[in-house]
Each structure stands twice: as C-alpha cells, then as structure tokens.
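Listed below are the residues making up each chain.
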Amino acid sequence: MAEILLTAVINKSIEIAGNVLFQEGTRLYWLKEDIDWLQREMRHIRSYVDDAKAKEVGGDSRVKNLLKDIQQLAGDVEDLLDDFLPKTQHSNKCKGAICFLKAACIPCASVADEFALEIEKIRRRVADIDRVRTTYNIMDTSNNNNDCIPLDQRRLFLHADETEVIGLDDDFNMLQAKLLDHDLPYGVVSIVGMPGLGKTTLAKKLYRHVRHQFESSGLVYVSQQPRAGEILHDIAKQVGLAEEERKETLENNLRSLLKIKRYVILLDDIWDVDIWDDLKLVLPERDSKIGSRIIITSRNSNVGRYIGGDFSIHVLQPLDTNNSFELFTKKIFTFDNNNNWTNASPDLVNIGRSIVGRCGGIPLAIVVTAGMLRARERTERAWNRLLESMSHKVQDGCAKVLALSYNDLPIALRPCFLYFGIFPEDHEIRVFDLTNMWIAEKLIVVNSGNGREAESLADDVLNDLVSRNLIQVAKRTYDGRISSCRIHDLLHSLCVDLAKESNFFHTEHSAFGDPGNVAMVRRIIFYSDINVMNEFFRLNTKPRKLRALFCFTKDPCIFSHLAHLDFKLLQVLVVVISASHLCSVSIPNTFGNMNCLRYLLFEGLIDGKLPNCMVKLKHLETIDSGNSLIKLPTGVWKSTQLRHLRYKAFNPPYNCCFSISPFFPNVPPNNVQTLMWMNDRFFEPRLLHRLINLRKLGLMEVSDSTIKKFSTLSPVPTTLEVLKLSSLFSELREQINLSSYPNIVKLQLKGRIPLNFEAFPPNLVKLTLLWYKVDGHVVAVLKKLPKLRILKMVWCKYNEEKMDLSGDGDSFPQLEVLHIDEPDGLSEVTCRNDVSVPKLKRLLLKHSIPNVRLSERLAKLRV
C-alpha cells in the first residue's frame with residue numbers, strides 16, 4: 001500500500017522544508033527547490049495510486065506491478081529524508097563556530113551535494129515509472145463506465161427474506177418504541193457500530209415490523225458510491241409516486257407527496273454526510289406530516305449524529321456469550337420437536353463454545369465460522385483443526401466487509417489505524433503511548449512543528465477512528481478525553497494482514513520467507529520468542545530500514561542480543577519484559593548511536609541504567625521508564641525536543657537525571673510537558689519558570705520546604721494542569737496552598753499532606769488520595785470543593801468507621817464519581833438525604849475484608 005509511504009514522505013518533506021536550515025539566506029536554501037519538487041511529485045503520485053487501487057482490486061497485474069515499483073520508490077525516498085536531516089543538523093554546527101580552515105565547512109557542502117545527487121536519481125526513477133505506465137498502457141485507473149453498476153451482495157441482502165435476529169431483543173424493543181412514539185414530531189433512528197454486528201439485519205426487522213403503521217414506506221441501500229438520483233427514484237417508486245411524476249421533476253413531486261403522508265424510510269449503509277445533504281432537500285423534515293421516521297445504518301457514529309443528532313444514536317454492541325452460542329447453534333445444529341440438538345455430541349458442543357468465544361460476539365464472524373464448519377466433517381478432529389487456525393480463516397471470511405471500512409479511511413488515517421495491530425490482541429492500549437508513537441514516526445505532522453498542536457491533532461484522529469467504530473474506548477480521563485482503548489480481534493487481524501501486505505509492519509513470524517524482504521522490514525514486533533528475534537537479525541545484520549522495534553519478552557538478556565546491531569533510522573523502541581522477579585540488565589553503549597530515536601519505552605521488573613552517551617540523542621521526544629527501575633543519565637532532558645519524561649526516581653542523588661543544579665542556567669525553556677517523577681531534593685521553583693510548557697508534574701519525597709515553595713511561588717505557572725505529590729516516609733507539618741493555581745484540574749496526594757479547604761486549586765475536577773489518613777476533618781474539607789467531579793481514595797486509613805457524605809445542602813455539589821479502593825478501618829458509607837451529593841452517578845467500591853455497608857441510595861449507584 002504505497003499511499004502510506006507516500007504520505008510519510010509528504011509529511012517529512014513538509015517538516016524539512018519548514019526547517020530553519022532551508023530558509024532564504026541559509027547555505028542550504030538552494031536545496032529547498034528539490035524538497036518542494038519532491039513534495040509536489042509525491043502528492044501527484046499518491047493521487048494516482050489512490051485511483052489505481054480500484055483496478056488493482058479488479059486483478060489487473062500490470063497495475064499491481066506498477067504499485068510495487070511506486071511503493072519501493074516511496075520507501076527509498078523516506079529513507080533518504082530520514083537519513084538526510086540529521087546529517088544537515090550535525091554539519092550545521094560549524095555555522096556558529098569560528099572556522100579558520102576552509103575545510104571546516106566541507107561536511108555541510110558534501111551532505112548537500114550528496115542529497116542533490118540522490119534527488120536526481122529519484123527524478124529519473126519517477127520518469128521511468130511514467131514510461132512504464134505509458135508503454136504498457138496502464139493509463140485509465142478509474143472506472144469511468146458510469147452506466148455499469150456492479151452486483152452488490154448487500155443490496156441483494158437488504159431485499160432478501162427476513163433472517164432470524166438473535167440477541168438483539170432489547171435493542172429491537174427500545175428502537176421500536178422510539179419509532180412509534182407519537183410525541184416525537186420528526187424522528188431519526190441511527191443504528192451505528194463496527195462492521196459485522198448486524199446493523200442491517202436489525203434495521204430490516206424494525207422496518208418490516210413498523211411499516212404497516214405508516215402510510216408509505218421504503219428501504220434503499222446507499223453504499224460507499226451513492227447516486228442521489230437513483231436513491232430518490234427508488235424511494236419514489238416504493239412510496240407510490242406515479243411513473244409519470246417520477247420522470248419529470250422527481251424531486252419536487254416526491255417532496256410534495258411526502259409532505260402529506262406519514263412515512264418511514266430505511267437508508268442502509270450511509271458512509272458520509274454528503275449524500276444526506278442531497279437527500280434532505282427532498283425528504284421533508286419540519287413540514288412533514290407528524291410522526292414520519294427515518295432509520296439509518298452506518299459504521300460512522302458521526303454520520304448518524306449529523307443526520308439525527310445525539311438523541312438518534314443507538315450504538316450496537318457485540319453479542320454476549322449466551323446469545324453468541326445461540327446464534328451459532330441455530331446455524332450449525334438441527335433441532336427436534338422438543339428443541340433439542342439432534343446432531344451434536346457433548347464434545348462437539350464444548351469445542352463449539354471455544355470456537356464461538358474466539359468470534360468476540362460479532363455475528364458476522366459467528367455466521368462465517370458456522371459456514372466453514374458445515375463444510376467439514378462433524379468430528380472433534382475437524383473442529384479442533386478449525387479452532388487452531390481460526391483467526392486467519394475467520395478473518396478471510398470477513399475480509400471484504402471489514403476492508404470496506406479501511407478503504408473508506410482518509411489516506412492520512414490509514415497508518416494510524418494499522419498501528420493498532422502492533423499491540424498484542426486484547427491489549428488495553430494507553431492513548432499516551434499510542435499518540436506519541438504516531439507523532440514520533442511523523443504519522444501526525446503539523447506545519448508549525450508545535451508538539452501540543454500535534455497531540456491535539458492525534459486526539460482528533462483517534463476520535464475519528466472511534467466514531468467510525470473501528471476502535472473501542474476502554475477508559476476516559478477526568479475531562480472526557482480517551483485515556484485507553486481497544487481494538488476488536490477481527491479488526492486487529494485485519495491490521496496485521498494489511499500491514500504485512502504493505503510492509504508497514506511485520507510480526508515475528510511474518511517477516512521471514514524471501515531473504516530480500518527481511519532487509520526491507522520497517523517495523524517489527526517480537527512477542528516472546530528470543531530465538532526468532534536472533535534469527536531475524538542474523539539475516540538482517542544491518543537493519544537500516546527499521547523504524548520501530550517492539551519487544552514483548554520474558555528474557556532480560558534481550559539488550560545483549562541487540563548490542564551489536566546498527567539501528568540507523570530507528571525512531572521508536574519499546575522493550576517490555578514480563579519477568580516474575582527483578583532483573584538487572586546492562587543497556588549497551590550502541591544505543592547511543594540511534595540518532596533518529598524519538599520514542600523510548602522500557603517496562604517491567606528490570607533495573608539498569610541508560611548509557612551516558614544517550615544524552616547526545618537530540619531528537620528524543622518521549623522517554624518512558626516509569627514502569628521500570630531503569631535509571632536515566634544526567635542531562636537527558638537538555639534536549640529541546642523532549643516533551644515527555646516519565647521516570648521513577650528511586651536512586652541516590654549522585655546518580656540522578658535531575659541532578660542539574662550546577663548547570664541550571666543552561667537549561668533552556670524547552671518543550672517538556674510531562675515530568676514524572678522528580679525527587680524533591682532537585683526541585684527548585686525557578687524550574688517551573690524555565691519549563692514554560694509543563695502540564696504534568698510529579699514530585700516524590702516531598703518536604704515541608706517544597707510545600708512552602710509551592711505555596712508562595714510567584715508568578716505561578718499558567719500551563720500546569722496536573723500535579724502529583726508524594727510523601728510516604730515523613731509526616732509534613734507545612735500546609736500546602738494551591739489556591740493561586742487556577743489551571744490545576746487534577747491533583748494526586750500520596751501520604752500525609754495537611755489539607756485545608758481554602759488551599760485547594762479553585763477549579764479542581766479530580767482528586768486522588770493514596771495511603772492517606774482520612775478523618776472527619778478531611779471529609780469535611782472535601783465536601784466543600786465546588787467543582788470536584790471525581791474523588792478517588794486508594795489504600796487509605798480511616799480513623800472513623802463511618803463516612804457520612806451528607807451535609808447542609810452544599811455537600812459535594814458537583815461530585816459524579818466516588819471511588820473507594822481497599823479502605824482500612826472503614827465499615828460504612830452513608831448519605832442521609834437526597835440533597836447532598838446531588839450529581840453522584842457511580843460509586844466504585846473495591847475491598848477485601850470486611851465488607852463495607854452502603855446506605856440504600858449509594859447501594860443503587862454501585863457499579
């Protein structure tokens with residue numbers, strides 16, 4: 001899929017062209033013309049590729065070969081750009097130095113000349129691709145035969161006899177009630193969800209059950225290439241518009257008819273809002289006869305929201321275990337008069353349950369799997385063989401349906417979606433990790449180069465994928481943003497297959513085969529087998545095309561296996577070691593040669609230290625060792641590119657990355673947004689004035705001195721939104737005062753830090769207390785926080801057995817979520833009236849022993 005690589009090239013060309021090294025008046029300005037040409041040419045080629053894909057799907061081998069050539073070209077251009085910019089930045093250091101020898105500037109000229117020569121080679125290859133296209137008549141990439149409408153199975157299914165709907169009774173009853181509610185003057189029901197859930201099946205059943213209660217009705221299939229005229233003609237015919245009126249001024253005649261009739265119309269499979277903008281001009285809304293209804297199905301929640309508003313949205317969910325198995329049995333077994341299976345042994349039934357479990361509640365996957373089983377012998381051996389190879393077989397059966405959603409994605413979103421396949425199946429993916437990986441690999445680019453703008457754009461991309469029902473939200477933050485997410489196994493398999501096909505990434509086994517392919521791998525994931533990784537790097541001793549390396553392993557010796565390798569263009573490195581005990585590791589000095597590295601994550605029970613030479617890696621944007629005991633060298637955060645630093649400061653002061661006091665005047669006002677966790681002994685108030693973009697700060701072993709500094713700091717940092725303070729080993733006397741910090745919305749206090757109502761940030765939304773001593777005074781203070789929506793208390797010790805949330809009418813005025821985890825000494829939580837905590841929606845209570853009693857109102861809110 002060459003369009004992904006072409007997009008990467010375009011993004012990197014934009015970034016390079018905007019670099020100060022190539023602005024007018026600089027020594028490299030003469031190269032800007034080449035870079036601009038490269039960007040323009042890649043845009044044109046990408047447009048051609050996007051059109052050509054339709055012909056490739058049709059089986060035209062000439063187009064397939066041409067696209068392979070384009071993909072190889074795009075990959076080589078991306079390598080050139082990734083290799084070129086670091087060289088120019090390195091050679092540019094001589095610009096500000098006093099050079100007595102002319103030879104001092106030779107490296108810069110040499111790099112520029114080398115780049116110009118490579119661009120000339122690219123020009124020749126582009127010309128040769130165009131020659132091949134012309135010589136072999138690969139000219140017409142689009143389907144210009146507008147009169148030819150291909151046979152569409154979905155169009156036939158819409159008008160087929162009604163199929164049995166299983167497991168959707170609650171959905172059906174809820175939507176039917178909405179459709180027949182006469183208090184709604186005009187209503188739209190939008191059934192949305194990921195592909196394969198049965199949206200069309202449910203919509204058909206609804207339509208056929210209610211249409212007799214309307215004066216006219218119609219159902220039409222919209223599709224990805226809709227034609228408004230054909231859709232309106234189909235509707236007109238079904239609602240009873242005379243043939244003569246359909247031939248002339250169709251739109252006016254249809255609108256006039258629908259104004260005087262109470263109608264229900266099903267619009268199946270709408271992909272975007274443009275077709276609705278055409279149809280709504282004809283389908284009456286406010287001036288229609290009261291009670292008219294429109295049912296739509298779409299994979300995109302935003303389409304449903306645009307057409308019918310938030311109230312119209314009904315998100316279809318996967319089937320539960322029982323309903324999944326019921327659907328499976330209806331498709332595979334026969335029943336006698338007593339509704340008992342007649343052709344199923346208990347062993348087959350058990351294997352069947354395992355097979356159904358692998359389908360993830362997706363009706364399409366269940367039906368496809370049942371179809372495969374019907375073609376096999378009814379033996380344990382045959383069914384077990386299918387169970388062992390299920391993921392690929394089911395994926396193949398659902399591929400066409402799932403691929404429609406992928407092909408509908410804008411080109412810029414496709415690599416972001418494929419990235420989900422890199423994470424293990426059923427993995428809850430932290431959005432912080434995902435979006436910063438996107439940014440590190442330049443899948444997300446903003447012209448300004450501003451990190452916060454890039455993160456905002458990454459959030460928009462993720463929300464778009466969620467609205468298309470390709471990604472599921474697992475958790476949200478205090479302000480409603482997505483904190484973690486998941487991808488369904490079927491869609492995960494789609495990502496893996498498409499990534500392999502396009503060489504976007506490979507798993508530990510898919511990269512082998514053609515030895516030439518091993519050297520071309522750009523991203524690879526090793527899940528467990530260290531021997532497979534060693535074999536891969538034996539075949540690819542110089543992995544110079546590798547952009548991202550993900551290692552999920554139990555072997556702490558992995559670092560020694562990577563020591564001798566040259567990761568010239570590596571941008572993302574993730575090492576997760578799932579050892580059962582703490583392991584000491586030695587990280588090789590060769591890691592300091594990863595000049596393009598932007599994202600680094602270490603996780604697991606591993607203890608070691610990054611080599612000091614890694615300080616010179618100036619492109620690092622994210623360093624995350626917060627879930628390990630890996631130590632960082634002093635000065636790692638001097639890089640102006642560093643945005644996120646997550647770290648556990650459990651190490652002595654002489655060996656700490658925060659030991660900056662002697663060099664503090666040299667610390668630039670950089671882009672650091674996240675700083676977790678800094679040891680209190682290195683904190684200085686002026687640090688907050690230097691880190692002008694800091695949004696999240698965590699301090700460990702907080703002292704009275706630091707509390708006082710925070711309380712008296714002037715001016716206060718305006719960007720700080722999240723503050724975490726830990727004081728587990730000493731009881732503080734100084735009372736913290738954060739009332740002058742208006743932008744802090746999330747506060748975490750760990751240990752014994754004195755509280756006062758007037759001392760809290762005025763706009764605090766979420767408060768977390770860990771290992772905290774909670775007494776009546778603390779609860780009284782918390783009750784008065786005016787904007788607190790989420791209160792979380794974890795491993796807290798309660799001086800009083802009973803915690804009463806009641807007050808004089810102003811108790812927890814905005815609190816929506818109360819989370820109490822493993823309370824010590826608490827036996828009862830009560831609220832004596834309905835006036836207190838008026839907005840409470842959820843109470844999460846996790847405890848071992850003894851049980852905590854809840855008052856009646858609170859018990860109803862427990863989840």
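Sequence positions are assigned chain by chain, starting from 1 and proceeding in written order. Under the rules for a predicted model, residues below a pLDDT of 70 receive no local features and side-chain atom pairs below 80 are neither given nor counted, while totals for whole chains, interfaces and linings still include all residues. Working from all heavy atoms in the structure, the side-chain values ignore hydrogens and water.

Caption draft 1: Highlighting the sheet that holds strand E8 (residues 482–486). Overall, antiparallel pairing links the three strands, which are arranged E6-E8-E7 in an open sheet. Only two strands of the sheet have a single neighbouring strand rather than two, namely strand E6 (429–430) and strand E7 (472–476). Strands were regarded as paired on the criterion that DSSP finds at least two bridges between them. A run of DSSP states H or I qualifies as a helix once it reaches four residues; a run of E qualifies as a strand once it reaches two. Both are numbered from the N-terminal end. Across four bridges, E7 lies against E8 in antiparallel orientation. Paired with arginine 476 across the strands is isoleucine 482, a residue of E8.

Caption draft 2: Local environment of the sheet that holds strand E25 (residues 802–804). Overall, parallel pairing links the three strands, which are arranged E25-E27-E29 in an open sheet. Strand pairing shows two members of the sheet lacking a second neighbour, E25 and strand E29 (853–854), which therefore form its edges. One ladder, built from three bridges, connects E25 with strand E27 (residues 828–830); its direction is parallel. Residue lysine 802 lies in a different strand from E27, and its bridge partner there is glutamate 828.

Caption draft 3: Structural context of the packing of helix H13 (residues 321–332) against helix H14 (residues 346–357). Here H13 crosses H14 at 120°, and the two axes come no closer than 10 Å. With respect to each other, H13 and H14 are oriented oblique. Of the two possible hands of crossing, H13 and H14 adopt the one that is right-handed. From H13, Ser324, Phe325 and Phe328 reach across to H14, where they touch Val349, Gly352, Arg353 and Val356. Residue classes in the contact of H13 with H14 are distributed as four nonpolar, two polar and one charged. Fitted lines through C-alpha atoms serve as axes, helices being fitted only where they are in contact, and the angles separating the N-to-C directions of these axes extend from 0 to 180 degrees. Orientation categories follow fixed angle ranges, with anything under 35 degrees roughly parallel, anything over 145 roughly antiparallel, 65 to 115 roughly perpendicular, and all other angles oblique. Crossings are assigned a handedness: left-handed for a near helix turned anticlockwise from the far helix by less than a right angle, right-handed for a clockwise turn. By definition, residues are in contact when any of their heavy atoms lie within 4.5 Å. Ten residues, namely Ala, Val, Leu, Ile, Met, Phe, Trp, Tyr, Cys and Pro, are considered nonpolar, four, namely Asp, Glu, Lys and Arg, are considered charged, and the remaining ones, Gly among them, are considered polar.

Caption draft 4: Expanded view of unusual backbone geometry. With an omega dihedral of -15°, the bond running from methionine 676 to tryptophan 677 counts as a cis peptide bond. Following serine 714, the chain continues into proline 715 via a peptide bond in cis, with omega recorded as -5°. Residue placement: proline 715 occurs in the loop between helix H26 (704–712) and strand E19 (722–727). Non-glycine residue tryptophan 771 carries a positive phi angle of around 50°. Its place among the elements puts tryptophan 771 in the loop between strand E21 (766–770) and strand E22 (773–774).

Caption draft 5: Seen up close, the side chain of arginine 598. On the secondary structure map, arginine 598 appears in the loop between strand E13 (583–584) and strand E14 (599–609). Relative accessibility under 20% of the residue-type maximum defines a buried residue, over 50% an exposed one, and the middle range a partly exposed one, all with a 1.4 Å probe and only protein chains included. Positive charge is attributed to Lys and Arg, negative charge to Asp and Glu, and no charge count is given to His or to the chain ends. By definition, a salt bridge exists where a carboxyl oxygen of Asp or Glu is found within 4 Å of a side-chain nitrogen of Lys or Arg. Although arginine 598 is buried, it forms no salt bridge, and the closest oppositely charged side chain is glutamate 621 at an N-O distance of 4.2 Å. For arginine 598, the contacting residues outside a window of four places in its chain are Ala440, Lys442, Gln571, His619, Leu620, Glu621 and Thr622.

Caption draft 6: Focus on a nonpolar patch on the surface. A surface patch of nonpolar side chains, amounting to about 520 Å² of accessible area, comprises Leu728, Phe729, Trp771 and Trp795. Looking at the element boundaries, leucine 728 is found in the loop between E19 and strand E20 (746–751). Judged by relative accessible area, leucine 728 falls into the partly exposed class, the value being 42%. Each patch is built from residues that are more than 30% exposed by relative accessible area and take part in no salt bridge. Like charges join if they lie within 9 Å; nonpolar side chains (Val, Leu, Ile, Met, Phe, Trp, Tyr) join within 5 Å. Here the accessible surface of atoms and residues is derived via Shrake-Rupley with a 1.4 Å probe, and residues count as covered only by protein chains that are part of the display.

Caption draft 7: Molecular detail of the packing of H14 against helix H16 (residues 380–388). At a minimum axis separation of 10 Å, H14 and H16 run at an interaxial angle of 10°. Put simply, H14 runs roughly parallel to H16. Contacts between H14 and H16 involve Asp347, Leu348, Ile351, Gly352, Ser354 and Ile355 from the former and Glu380, Trp383, Asn384, Leu386 and Leu387 from the latter. In the contact of H14 with H16, the residues fall into six nonpolar, three polar and two charged.

Caption draft 8: Here's a closer look at the pairing of E21. Burial of E21 is extensive: five of the five residues sit out of reach of the surface. Residues Lys766, Thr768 and Leu770 of E21 are buried on one face, and the alternating residues Leu767 and Leu769, pointing to the opposite face, are buried as well. As paired strands, E20 and E21 are joined by five bridges and run parallel to one another. Considered in E21, the bridge of glutamine 748 is made with threonine 768. Bridge analysis of E21 against strand E23 (residues 790–794) gives five bridges, and the strand direction is parallel.

Caption draft 9: How the structure looks around the packing of aromatic side chains. Think of it this way: a Phe, Tyr or Trp ring, Trp meaning its six-membered ring, pairs with another when their centres are within 6.5 Å, and the plane angle makes it stacked under 30 degrees, edge-to-face over 60, tilted otherwise. A full pass over the atoms with the stated rule returns 15 aromatic pairs. A ring pair is formed by tyrosine 419 and phenylalanine 504, whose centres lie 6.2 Å apart and whose planes are at 75°; its orientation type is edge-to-face. Taken together, the positions of tyrosine 419 in the loop between helix H18 (414–418) and E6 and phenylalanine 504 in the loop between helix H21 (489–502) and strand E9 (506–507) put the pair 85 residues apart, joining distant regions of the chain. Here tyrosine 419 falls in the buried class, since its relative accessible area comes to 0%. A relative accessible area of 4% means that phenylalanine 504 is categorised as buried. Counting every residue linked through ring pairs, the aromatic cluster contains Tyr419, Phe504, Phe505 and Phe550. A ring has a charge above it when a Lys NZ or an Arg CZ is no more than 6 Å from the ring centre and no more than 35 degrees off the ring normal. Over the ring of phenylalanine 504 we find arginine 523, and its NZ or CZ is 4.1 Å from the ring centre. The ring of phenylalanine 432 is capped by arginine 646, whose NZ or CZ atom sits 5.2 Å from the centre of that ring.

Caption draft 10: Structural context of H14. What a helix is expected to span follows from its residue count: subtract one and scale by 1.5 Å. Here H14 spans 17 Å end to end across 12 residues, near enough to the 16 Å set by a 1.5 Å rise per residue. Regarding H14, the residues found buried are Leu348, Val349, Ile351, Gly352, Ile355 and Val356. Take H14 and look down its axis: the buried residues cluster within an arc of 165°, on one side only. Within H14, the exposed residues directed more than 90 degrees away from the buried face are Pro346 and Gly357. Of all possible arcs, the one meant is that of the directions from the helix axis to the C-beta atoms.

Caption draft 11: The environment of isoleucine 707, seen in detail. Within the secondary structure, isoleucine 707 is located in helix H26. Judged by relative accessible area, which is 0%, isoleucine 707 ranks as buried. Between the C-alpha atom of isoleucine 707 and that of isoleucine 753, which follows or precedes it by 46 residues, the distance is 9.1 Å.

Caption draft 12: Representation of the environment of glycine 361. Structurally, glycine 361 can be placed in the loop between H14 and helix H15 (363–374). When its relative accessible area of 5% is taken as the criterion, glycine 361 is described as buried. Placed 127 residues apart in sequence, glycine 361 and histidine 488 show a C-alpha to C-alpha distance of 9.8 Å. Not counting residues within four places of it along the chain, the set of residues in contact with glycine 361 comprises Pro318, Leu319 and Ser324.

Caption draft 13: Structural detail: the confidence of the model for the protein chain. Across the protein chain, the average pLDDT comes to 82, with 84% of residues at or above 70. pLDDT is a per-residue confidence score from the predictor, ranging from 0 to 100. Mean pLDDT across the elements of the protein chain bottoms out in helix H5 (residues 153–158) (58) and peaks in E6 (95). Taken together, the stretch residues 142–151 has pLDDT below 50 and engages in six contacts with residues farther than four places along the chain or on a different chain. In the model, residues 661–665 has pLDDT below 50 throughout and makes five contacts with residues more than four positions away in sequence or in other chains.

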